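What follows is the residue order along each chain.
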Amino acid sequence: MEILVAKSAGFCFGVKRAINMAQECANKRKGEIHTLGPIIHNPQVVKELEHSHIIPKRGLEEIGGGTVIIRSHGITLQETEMIQDKGLEMIDATCPFVKKSQEIVALLSREGYSIIVVGEKEHPEVKGILSYGDGDIMIAASIDELKDMPMKKKIGIVAQTTQQIKNLKEIVSYCLEKTTELRVFNTICNATTIRQSESYELAKEVDCIVVVGGKNSANTNRLADMCREIQPRTYHVEVASELDPAWFDGASKVSVTAGASTPDWLIDEVVSFIKAVGEKRDKYVNVKQP
Ligand code: SF4
């Protein structure tokens, strides 16, 4: 069995940076260290960091003192202000690309644009970006959510960094008919685009594809959905123990890809498992053949 591992699989720049900052903080600082929500959307990495006494908390009300590390996809402006008001130490590991989206929204607001953030309402990154704007600002995951939008004087658009370009294009084209002035910032992150297009090509080529990453990770879920559209034998797992050898029955080419928040060691474990399944099967086939 041939196993093709996506070249881009695994940690992106922003996640690597956040994890390094967290580890450095654990090495240097004494006292309590917290993250506001999980630092990245991967439960296994969050558990590892807990061994270094970096503890995720759901809200600021749960944090009485010490240091707060800001996760890679950022927090809201109000939360930042609360951290300062509480006198907590803050290590800002917000990815610079997410920071840029926050700054663009603030700029568009100052310049009086009606703003559309293309993304998922409940995603913390989107909530954070939204908090930097005021006035006429809304979130839309698709054009269906903009159906009854009236004409606007001028519209500014930014996107959640993990959105699919196709989605952004649809919304941009819809908004062209809703205003005479449209300003678009393509804030979709390159790391996401590269992972998506590479996985898309692999899904066309193989008999089965395994997507490794947190079930709570938006970019991993989107990767899995995209692969499934082309290859019905797409399986999304967090860890190797979730794999079922039967998934690879009759498959001669298998691909492994992973979201931007998946560490190499989890990918390696999945690859080793599939390799072992293939070797066992090939050995059996060789014995059976005359
Ligand atoms: S996917 Fe892009 S925006 Fe998100 S953390 Fe990684 S580098 Fe930053």
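Predicted model, so just to flag it, every value in this text is computed and none were measured.

Caption draft 1: Examining helix 6 (residues 165-176) more closely. The terminal C-alpha atoms of helix 6, which comprises twelve residues, lie 17 Å apart, in line with the 16 Å expected from a rise of 1.5 Å per residue. By the burial criterion, the buried members of helix 6 are Asn-167, Leu-168, Ile-171, Val-172 and Cys-175. Here the buried residues of helix 6 occupy an arc of 130 degrees about the axis, which is enough to place them on one side. The exposed residues of helix 6 that point more than 90 degrees off its buried face are Lys-169 and Leu-176.

Caption draft 2: Seen up close, the packing of aromatic side chains. Applying the stated criterion across every chain, the model contains two aromatic pairs. For the pair Tyr-235 and Trp-247, a centre-to-centre distance of 4.1 Å together with 0 degrees between the ring planes defines the contact as stacked. Linking Tyr-235 in strand 11 (residues 234-237) with Trp-247 in the loop between strand 11 and strand 12 (253-258), this pair joins segments that are twelve residues apart in sequence. Directly above the ring of Tyr-113 sits Lys-154, whose terminal nitrogen or CZ lies 4.6 Å from the centroid.

Caption draft 3: Looking closely at the nonpolar core. Ranked by internal contacts, the top residues of the largest apolar core, which has 28 residues, are Val-210, Val-212, Leu-243, Phe-248, Val-256, Val-270 and Ile-274. Only helix 7 (190-205), strand 10 (208-212), helix 8 (218-230), strand 12 and helix 9 (264-288) provide two or more residues apiece to this core. In terms of residues, this core owes the most to one element, helix 9, which gives six residues. Leu-243 has contacts with Val-210, Val-237, Phe-248, Val-270, Phe-273 and Ile-274, leaving out every residue within four places of it along the chain.

Rules of the game
- Residues numbered from 1 in each chain as written.
- Predicted model: local features only at pLDDT ≥ 70, side-chain atom pairs only at ≥ 80, totals over all residues.
- Heavy atoms only, no water.
- Helix = DSSP H or I, 4+ residues; strand = E, 2+ residues; numbered from the N terminus.
- Expected span 1.5 Å × (residues − 1).
- Buried < 20%, exposed > 50% of the residue type's maximum accessible area, 1.4 Å probe, protein only.
- Arc of directions from axis to C-beta.
- Phe/Tyr/Trp six-rings, centres within 6.5 Å; stacked < 30°, edge-to-face > 60°.
- Lys NZ or Arg CZ within 6 Å of the ring centre and 35° of its normal.
- Core = buried A, V, L, I, M, F, W, Y, C linked by side-chain atoms within 4.5 Å.
- Contact = heavy atoms within 4.5 Å.

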